[in-house]
Amino acid sequence: MKRIVMIAFVLLSGCATTEPVSELDSPVYTTKILSHINYKNEANIAKNVLAECNLGTPLSVSVQKYARNFNIKVDRVDNIDKADPDNHIKIEIVSVMSRQRVTTALAHRHAKNVTIKATVFENGKPVHKMERYRSSKGGVFGGFKRSCSVLDRTVNTLGNDVAKLLNKFLKRRNKNI
């Protein structure tokens, strides 16, 4: 029994880290995003999500985190001026659907999805647009997870998608130069 507890402790101890991310030495591209991504139209967001979840900040953090894998520096800022000549990405959460069905006294079946739109701006002009949709049923032990936890994982994956699409755009653009 001690051995199982020890193995579980070792495996789980590294799962949640709050260490700051180090600076990139020489990024291939630098851009900005809002530190909190807004909903495009709150009428398209499930009411329970508006009341209980904060999806904008985790989405912003995940874009920054995954962009580092492609040597892209993403600065999270509180405000982006539309006339700003610097490069930036405008991301909006277009819709969020959050449904669940109670299957037992303890477990739920989740049906969650999030749609985002992103526009890459260079020198104040839109140069690339993308739209992504992700859904989740909660994954392993999903029935025991809260709705916001499932949605957080979904926006984390969307942040990875935005970073990958940005990288693809940059490669395509650089080929054409």
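Residues numbered from 1 in each chain as written. Predicted model: local features only at pLDDT ≥ 70, side-chain atom pairs only at ≥ 80, totals over all residues. Heavy atoms only, no water.

**Here's the deal with the overall build of the protein**
Line of reasoning, step 1. Of regular secondary structure, the protein possesses four helices and six strands.
Line of reasoning, step 2. Taking all 177 residues of the protein together, 37% fall into the buried category.
Line of reasoning, step 3. Residue pairs at least 24 apart in sequence account for 69% of intrachain contacts in the protein once pairs closer than 6 positions are excluded.
Line of reasoning, step 4. Of the roughly 11400 Å² of accessible surface on the protein, a fraction of 53% belongs to carbon and sulfur atoms. (Helix = DSSP H or I, 4+ residues; strand = E, 2+ residues; numbered from the N terminus. Buried < 20%, exposed > 50% of the residue type's maximum accessible area, 1.4 Å probe, protein only. Contact = heavy atoms within 4.5 Å. Areas by Shrake-Rupley, 256 points an atom, 1.4 Å probe, with all protein chains shown as cover.)

**What about helix H3 (residues 56–67)?**
Line of reasoning, step 1. Along its twelve residues, H3 runs 17 Å from first to last C-alpha, staying within 8% of the 16 Å computed at 1.5 Å per residue.
Line of reasoning, step 2. The complete set of buried residues in H3 reads Gly56, Leu59, Ser60, Ser62, Val63, Tyr66 and Ala67. Looking down the long axis of H3, one finds its buried residues gathered within 165° of arc, a one-sided arrangement. (Expected span 1.5 Å × (residues − 1). Arc of directions from axis to C-beta.)

**Looking at the pattern of salt bridges**
Oppositely charged side chains are able to pair whenever their charged atoms sit close together.
Line of reasoning, step 1. Counted by the stated rule, this structure contains five salt bridges.
Line of reasoning, step 2. A salt bridge links Arg173 to Glu122, with the shortest nitrogen-to-oxygen separation between them at 2.3 Å. Within this pair, whereas Arg173 is found in helix H4 (residues 147–176), its partner Glu122 is found in strand E5 (residues 108–122), the two being separated by 51 residues in sequence.
Line of reasoning, step 3. Here Arg173 falls in the partly exposed class, since its relative accessible area comes to 25%. (Salt bridge = Lys/Arg side-chain N within 4 Å of Asp/Glu carboxyl O.)

**A look at the side chain of Asn113**
Line of reasoning, step 1. Along the polypeptide, Asn113 turns up in strand E5.
Line of reasoning, step 2. Those residues in contact with Asn113, other than ones at most four positions away along the chain, are Ser95, Val96, Met97, Tyr133, Arg134 and Ser135.

**Here's the deal with the environment of Val49**
Line of reasoning, step 1. Residue placement: Val49 occurs in helix H2 (residues 47–52).
Line of reasoning, step 2. Along the chain, Val49 and Met97 lie 48 residues apart, while their C-alpha atoms are 8.3 Å from each other.
Line of reasoning, step 3. For Val49, the contacting residues outside a window of four places in its chain are Tyr39, Leu55, Val96, Ser98 and Leu151.

**Things to note about unusual backbone geometry**
Line of reasoning, step 1. Notably, Asn71 is not glycine yet its phi reads approximately 60°, a positive angle.
Line of reasoning, step 2. Along the polypeptide, Asn71 turns up in the loop between H3 and strand E3 (72–77).
Line of reasoning, step 3. With a phi close to 55°, Asn123 is a non-glycine residue in the positive phi region.
Line of reasoning, step 4. One can find Asn123 in the loop between E5 and strand E6 (125–136).

**What to know about the side chain of Asn167**
Line of reasoning, step 1. Note that Asn167 resides in helix H4.
Line of reasoning, step 2. Here Asn167 is in contact with Phe70 and Ile72, once residues within four sequence places are set aside.

**Some points on the nonpolar core**
Line of reasoning, step 1. Ranked by size, the top nonpolar core spans 33 residues in total, and within it Val49, Leu55, Leu59, Ile91, Ile93 and Val96 carry the most contacts.
Line of reasoning, step 2. Contributing elements (two or more residues each) for this core: strand E1 (29–34), H3, E3, strand E4 (88–102), E5 and H4.
Line of reasoning, step 3. Here the element with the most residues in this core is H4; it accounts for nine residues. (Core = buried A, V, L, I, M, F, W, Y, C linked by side-chain atoms within 4.5 Å.)

**Overview of the environment of Phe121**
Line of reasoning, step 1. Following the sequence through the fold, Phe121 ends up in strand E5.
Line of reasoning, step 2. Remark: the alpha-carbon pair of Phe121 and Pro85, spanning 36 residues in sequence, is separated by 8.7 Å.
Line of reasoning, step 3. Other than its neighbours up to four places away in sequence, Phe121 contacts Tyr29, Asp86, Asn87, His88, Lys90 and Pro126.

**What about the confidence of the model for the protein?**
Line of reasoning, step 1. Across the protein, the average pLDDT comes to 77, with 71% of residues at 70 or higher.
Line of reasoning, step 2. Predicted confidence in the protein is weakest over helix H1 (residues 2–13), with a mean pLDDT of 46, and strongest over H3, with 94.
Line of reasoning, step 3. For residues 5–21, every residue scores under 50 in pLDDT, and the model assigns this stretch one contact once sequence neighbours within four places are set aside. (pLDDT = per-residue confidence, 0-100.)

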